[in-house]
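Here's the letter readout for the chains.
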Amino acid sequence: MRVLRITQTWGLTPEALVDEARHASPRVAERLHAVRLIWQGYPTAAVSAIIGRHPGAIRRYVRAWNAQGPAGLVLQHAPGGRPKRTAGKVPRRSGSGPR
């Protein structure tokens, strides 16, 4: 199994991540904590058990950190549900069944 590594420090230290986590939302703080543990040499399985997330999630956090730094750990929200239909674009039902 490949060992996860922090390849970009983004000018921070593992100790600085503790301070960053104090000012972050709970989920981002959890992600920063996972990155800090990996940075300190903990194996993925141990970090997964400590944080309570799947090892794949820990790998995603580390990849996001290496690619974008702290900004990569911020929650990304989906754009939302389906767009609403407008009156002129409602498809007509075919057939003579009940409506």
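The paragraphs below set out a description of the structure included in this document. (Residues numbered from 1 in each chain as written. Predicted model: local features only at pLDDT ≥ 70, side-chain atom pairs only at ≥ 80, totals over all residues. Heavy atoms only, no water.)

### With respect to helix H4 (residues 55–68)
Along an α-helix, residues three or four positions apart point the same way, because every turn accommodates 3.6 residues. Between its terminal C-alpha atoms H4 stretches 20 Å, which fits the 20 Å expected from 14 residues at 1.5 Å a residue. By the burial criterion, the buried members of H4 are Gly56, Ala57, Ile58, Tyr61, Val62, Ala64, Trp65 and Asn66. The secondary structure elements touched by the buried residues of H4 are helix H1 (14–22), helix H2 (26–39) and helix H3 (44–51). (Helix = DSSP H or I, 4+ residues; strand = E, 2+ residues; numbered from the N terminus. Expected span 1.5 Å × (residues − 1). Buried < 20%, exposed > 50% of the residue type's maximum accessible area, 1.4 Å probe, protein only. Contact = heavy atoms within 4.5 Å.)

### Re the packing of H2 against H4
Interaxial distance between H2 and H4 falls to 9 Å at its minimum, and their mutual angle equals 85°. The angle between the axes of H2 and H4 places the two elements in the roughly perpendicular class. Judged by residue contacts, Arg27, Glu30, Arg31, Leu32, Ala34, Val35, Ile38 and Trp39 of H2 engage Ile58, Tyr61, Val62 and Trp65 from H4. Of the residues assigned to the contact of H2 with H4, the class counts are nine nonpolar, no polar and three charged. (Axes fitted to C-alpha atoms, helices over the stretch in contact; angles between N-to-C directions. Parallel < 35°, antiparallel > 145°, perpendicular 65-115°, else oblique. Nonpolar A, V, L, I, M, F, W, Y, C, P; charged D, E, K, R; others polar.)

### Regarding the side chain of Thr44
With respect to the element layout, Thr44 can be found in helix H3. Overall, the relative accessible area of 10% leaves Thr44 in the buried class. Beyond its immediate sequence surroundings of up to four residues, Thr44 is in contact with Leu4, Ile38, Pro55, Ile58 and Arg59.

### What to know about the environment of Pro55
For Pro55, the location among the structural elements is in helix H4. The exposure class assigned to Pro55 is partly exposed, which follows from its relative accessible area of 26%. Put simply, Pro55 and Pro43 are twelve residues apart on the chain and 9.9 Å apart in space, counted from C-alpha to C-alpha. Leave out the neighbours within four places in its chain, and Pro55 touches Thr44 and Ser48.

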